[in-house]
Amino acid sequence: MLRRWIFVTVLCASMLCCGCSEQIAESSAIDETSAANEETKTTRDLFAMDTYMCLTAYGENGEAGITAAENCIQDLDARLSTGNASSEIAQLNANGTGTLSEDTCAILQEALTLQRETDGAFNPLMYPIMQAWGFPTQEYRIPDASELQELLLLTDPENMQFSPETGTVSFSVSGMELDLGGIAKGYTSDAVMDCFRSSDVTSGMVSLGGNVQTIGTKPDGSLWRVAIQHPDKEKDFLGVLETKDCAVITSGGYERYFEENGVRYHHIMDPATGRPADSDLLSVTIVSPNGILADGLSTALFVMGLEQATAYWQSHAETFDAVFYTTDETLYVTAGIQDCFSANYPCEIIQEETKP
Ligand code: ADP
Ligand code: MG
């Protein structure tokens, strides 16, 4: 189920972002320009971070930019993977102490900032809980309340000592484990954009399992068109966003889950309960120039649910925009992107709070 959804999301995102957007009527003039630029378009598909990825770069430096980006992705994957016993994270988790590299430190710092700013909705210490539900091994089970109560004691960031200067981390409670899976792909897509920039690629995009980040505009100067997957309808989009220099990152309970006795258990945990977040949101898309922020917030706002997520956006509207789709099938878009989002469904605009 997971693979199918990821594939569909990537396909949709890349179809629209790589310029081959047959599903959307575009003027023939734009099509001609796009065709002319096909010659200088370089694409590469790869599988890393448990995800299908698609890289696209335009211009004569495209090949060099993509190769630099691929090396960077593989390097980050080797450092961050919880499942690879030799990664920095797995070593730290096994030993209860360790020294992190610069990249991993930067991710952990951002994760801890988000943990504070989201009142704990984002929590990078959920790995013992993820394991209890069987997500890393896909040997799914439903832990009972007392098991979850015990495991929640392992998720308090107060019990982690971290020095960003030296990169040292240690846990003061045995069994604590780090999981940067809720934020790592956003950091990675930021890093891909950095690789493109240093290779003088000024137009390109990356799709990491449907999480899209773009640099510049398309070569013909038009905006990238990013489709947002409908969480309930495999072949449908909630809408299409026109954007440049932006990350568009989605989290949803439909992405990774198992079912037992007709109940769906997904992979985004509520750190307050240790259970899959009982959210009235089916999907949360964050739009921001900052990929790591977008990834962390897509997870956190999903956990918060519509009301709190709306309030969070209203107090942080300068840093991101969002698209929400709820369990009662309502589509919401924040005011900052209302003019560049073409909704496929009736949609409500979330306005900034008017200050008294
Ligand atoms: P995906 O990585 O599937 O695109 P997310 O970005 O929402 O989706 O990240 C979900 C992953 O984040 C989970 O697989 C788990 O590793 C981790 N995670 C789960 N719940 C939380 C949470 N409340 N805060 C931070 N990370 C979480
Ligand atoms: Mg995320």
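Presented here is a report on the structure given in the accompanying data block. (Residues numbered from 1 in each chain as written. Chains lettered and ligands numbered in written order. Predicted model: local features only at pLDDT ≥ 70, side-chain atom pairs only at ≥ 80, totals over all residues. Heavy atoms only, no water.)

**Description of the site of ligand 1**
So, point 1. What surrounds ligand 1 is a group of 17 residues, the closest being Asp179, Ser251, His267, Met269 and Thr299.
So, point 2. Contacts to ligand 1 include Thr299, whose side-chain N or O atom sits 2.8 Å from an oxygen atom.
So, point 3. Classifying every residue of the shell around ligand 1 gives 7 nonpolar, 6 polar and 4 charged. (Near = heavy atom within 4 Å. Polar contact = N/O pair within 3.5 Å; in protein donor to acceptor, adjacent residues only side chain to side chain. Nonpolar A, V, L, I, M, F, W, Y, C, P; charged D, E, K, R; others polar.)

**Concerning the coordination of the magnesium ion (ligand 2)**
Ideal geometry at a metal centre gives angles of 109.5 degrees when four donors are arranged tetrahedrally and 90 or 180 degrees when six donors are arranged octahedrally.
So, point 1. With distances of 2.1 to 2.5 Å, the protein atoms coordinating the magnesium ion (ligand 2) are Gly182 (O), Asp295 (O), Asp295 (OD) and Thr299 (OG1).
So, point 2. As a motif over one chain, the donors of the magnesium ion (ligand 2) read G-x112-D-x3-T. On the criterion of helical spacing, the pair formed by Asp295 and Thr299 is a turn pair, its members being 4 residues apart in helix α9 (residues 291-304). By the burial criterion, Asp295 is buried, and Thr299 matches it. (Donors = N, O, S within 2.8 Å, 3.2 Å for Na, K, Ca; no water. Helix = DSSP H or I, 4+ residues; strand = E, 2+ residues; numbered from the N terminus. Buried < 20%, exposed > 50% of the residue type's maximum accessible area, 1.4 Å probe, protein only.)

**Thoughts on the environment of Ala322**
So, point 1. By secondary structure assignment, the location of Ala322 is in strand β16 (residues 321-326).
So, point 2. On the accessibility criterion, Ala322 (0% relative accessible area) is buried.
So, point 3. Each residue touching Ala322, except ones within four places of it in the same chain, is listed here: Thr285, Ile286, Tyr332, Val333, Thr334 and Ile337. (Contact = heavy atoms within 4.5 Å.)

**Things to note about the layout of surface pockets**
So, point 1. A volume near 1100 Å³ is recorded for the largest pocket.
So, point 2. Elements represented by at least two residues in the lining of the largest pocket include exactly α1 (2-17), α3 (62-80), α6 (127-132), α8 (184-198), β10 (247-252) and α9.
So, point 3. For the lining of the largest pocket, the per-class residue count stands at 20 nonpolar, 15 polar and 7 charged.
So, point 4. The space that makes up the second largest pocket amounts to roughly 330 Å³.
So, point 5. Residue lining of the second largest pocket: 19 residues in total, with Arg264, His266, Pro276, Ala277 and Asp278 positioned closest to the centre.
So, point 6. Of all the secondary-structure elements, those providing two or more residues to the lining of the second largest pocket are β12 (263-266), β14 (275-276) and β15 (281-288).
So, point 7. Looking at the lining of the second largest pocket, its residues break down into 9 nonpolar, 5 polar and 5 charged. (1 Å grid on protein atoms, 1.4 Å probe; cavity = no way out; pocket = protein on both sides within 12 Å on 5 of 7 lines; lining within 4 Å. Points joined across faces, edges and corners; volume = space filled by probe spheres on them.)

As far as function goes, none of this settles anything; it's purely spatial.
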